[in-house]
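What the coordinates show
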Amino acid sequence: MERNIFKKEWEALLIKKCLEHDTQKKNVYICSPLRANTIDEIYENMKNAQKYMFYVQSAYDVAAYAPHAYLPILLNDNSREEREMALKFGLNILKKCQELFVCSNYLTEGMIGEIYYAAANNITICVFDERMYMEVSNILGKNIKANLVLKYDFILKNLNTKEYNGTVNNVR
């Protein structure tokens, strides 16, 4: 079955799902880029984080968290003090999660900090392509024991590419 889950109302559905606060679901932290050179690129990264949240909630039936999808509206990422507040807030959210999904084909400084935090706190780290799996493995090194998992998910691997049109095959 093929369907496009990113219909016009996907953003409203995301907010409504988040407002449910279903305590029975597994909590998953979305680790994806925010930092960028322009406001337009930051906005694009925020929208990507929102798409990751929506897709992960829909495909995996979990509660997905991506503070960087919304915090830049309130806090200035270019202010050291406000960036630190946002990063601490994100780690507090990550603390309550069972898994961290690395949703990107590159890593930023903030993402690396989240990956280290997840490893140090026995939170499963999931990546969605072989190259990123190797990159995260190299960052963690041999001295840090982490539950690092490679999952095959075409959508998460390609969601932030311009070519992807939002079509999903066999999603629950």
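See the structure shown above.
Because the structure is predicted, anything quoted here is derived from the model rather than measured.

On to unusual backbone geometry. Located in the positive-phi region is Asp61, a residue other than glycine, with phi close to 50°. Topologically, Asp61 is positioned in the loop between helix H2 (39–60) and strand S3 (63–65). In the Ramachandran plot, Asn122 falls in the positive-phi region, its phi being about 55° despite a non-glycine side chain. Residue position: Asn122 is located in the loop between helix H5 (109–120) and strand S5 (124–127). A residue is classified by how much of its surface remains accessible, and Asn122, at 69% relative accessible area, is exposed.

Taking every second residue as pointing to the same face, both faces of strand S4 (residues 99–102) are buried, with Glu99 and Phe101 on one and Leu100 and Val102 on the other. Bridge count between S4 and S5: 3 bridges; the pairing is parallel. Residue pairing for S5: Phe101 is matched across the bridge by Cys126. Chirality of the crossover, the property in question, places the unit of S4, H5 and S5 among those that are right-handed.

What counts, and where the lines are drawn
- Residues numbered from 1 in each chain as written.
- Predicted model: local features only at pLDDT ≥ 70, side-chain atom pairs only at ≥ 80, totals over all residues.
- Heavy atoms only, no water.
- Helix = DSSP H or I, 4+ residues; strand = E, 2+ residues; numbered from the N terminus.
- Buried < 20%, exposed > 50% of the residue type's maximum accessible area, 1.4 Å probe, protein only.
- Pairing = 2+ DSSP bridges.
- Right-handed = clockwise from strand over helix to strand, strands pointing away.

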